[in-house]
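# Coordinate inspection notes
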Amino acid sequence: MADFDVELDTSGLNCPMPVMKTKKALKGLDDGQVLHMIATDPATHEDIPGLCEEMGCEIVESNEEGGSYHFYIKKG
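In short, a report on the structure. Counting restarts for each chain: residues are numbered from 1 in the order of the written sequence. With the structure being a predicted model, the display of local features is reserved for residues of pLDDT at least 70 and the display and counting of side-chain atom pairs for 80 or more, all residues being used for whole-chain, interface and lining totals. Side-chain descriptors were evaluated using all non-hydrogen atoms of the structure, hydrogens and water having been removed beforehand.

### Quick notes on the overall build of the chain
- Within the chain, the regular secondary structure consists of two helices and four strands.
- Taken from the N to the C terminus, the helices and strands of the chain come in the order β-α-β-α-β-β.
- For the chain, whose C-alpha radius of gyration is 11 Å, the value lies close to the compact-globule estimate of 11 Å for 76 residues.
- In terms of its C-alpha atoms, the chain occupies a principal-axis envelope of roughly 30 × 25 × 15 Å.
- Partly exposed describes any residue whose relative accessible area lies between the buried limit of under 20% and the exposed limit of over 50%, with all areas from a 1.4 Å probe on protein chains only and scaled to the type maximum. Counting the 76 residues in the chain, one finds 37% classified as buried.
- When contacts within the chain are restricted to residue pairs at least 6 apart in sequence, long-range pairs at least 24 apart make up 68% of them. Each helix is a run of H or I in the DSSP string that is no shorter than four residues. Each strand is a run of E no shorter than two, and both are numbered from the N terminus. We compute the radius of gyration over the C-alpha atoms and compare it with the globule rule, which gives 2.2 Å times the number of residues raised to the power 0.38. Residues are treated as being in contact if the distance between any of their heavy atoms lies within 4.5 Å.

### Quick look at the nonpolar core
- Membership of the largest hydrophobic core comes to 15 residues, with the highest contact counts inside it found for Leu 26, Leu 35, Met 37, Ile 48, Phe 71 and Ile 73.
- Broken down by secondary-structure element, the contributors of at least two residues to this core are helix H1 (17-27), strand S2 (34-39), helix H2 (44-55) and strand S4 (68-74).
- Not counting residues up to four positions away in its chain, the partners in contact with Ile 48 are Val 19, Thr 22, Met 37, Ile 59, Phe 71 and Ile 73. Side-chain atoms within 4.5 Å are what join buried Ala, Val, Leu, Ile, Met, Phe, Trp, Tyr and Cys residues into a set we call a nonpolar core.

### Topic: H1
- Within H1, burial applies to Pro 18, Val 19, Thr 22, Ala 25 and Leu 26. Around the axis of H1, the buried residues are gathered within 130° of arc, so they sit on the same side. The exposed set on the far side of H1, more than 90 degrees from its buried face, consists of Lys 24 and Lys 27.
- Tucked into the core, H1 has its buried residues touching strand S1 (6-9), S2, H2 and S4. Throughout, the arc means the angular range of directions from the helix axis out to the C-beta atoms.

### Here we look at a negative patch on the surface
- Like charges are joined within 9 Å and nonpolar side chains (Val, Leu, Ile, Met, Phe, Trp, Tyr) within 5 Å, but only among residues with over 30% relative accessible area and no salt bridge; these make up the patches. Here the open area of atoms and residues is found with the Shrake-Rupley method and a 1.4 Å probe, where only the protein chains shown may cover a residue. In the sections that follow, a salt bridge refers to a side-chain nitrogen of Lys or Arg positioned within 4 Å of a carboxyl oxygen of Asp or Glu. Positive charge is attributed to Lys and Arg, negative charge to Asp and Glu, and no charge count is given to His or to the chain ends. Where a charge lies is defined by one atom per residue type: Lys uses NZ, Arg uses CZ, Asp uses CG and Glu uses CD. A contiguous patch of negative charge on the surface is contributed by Asp 3, Asp 5, Asp 30 and Asp 31.
- A relative accessible area of 72% places Asp 3 in the exposed class.

Below you can see the structure in the form of structure tokens.
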């Protein structure tokens, strides 16, 4: 597990809400800070990397654990 500054749990939400909430959370971070985003929507596996590319952020680590997807996103 990577270190993080802010955690966002979007469990139970379906597309497009996890992406929208992640985008809003990332906008509130300073460059270099890390967001730990948790989701249960399988679409986030494709949507979050696309969002990161669009926003110039980096996925430091990602994994799936017990039906939850975990993304550690560093704002660039």
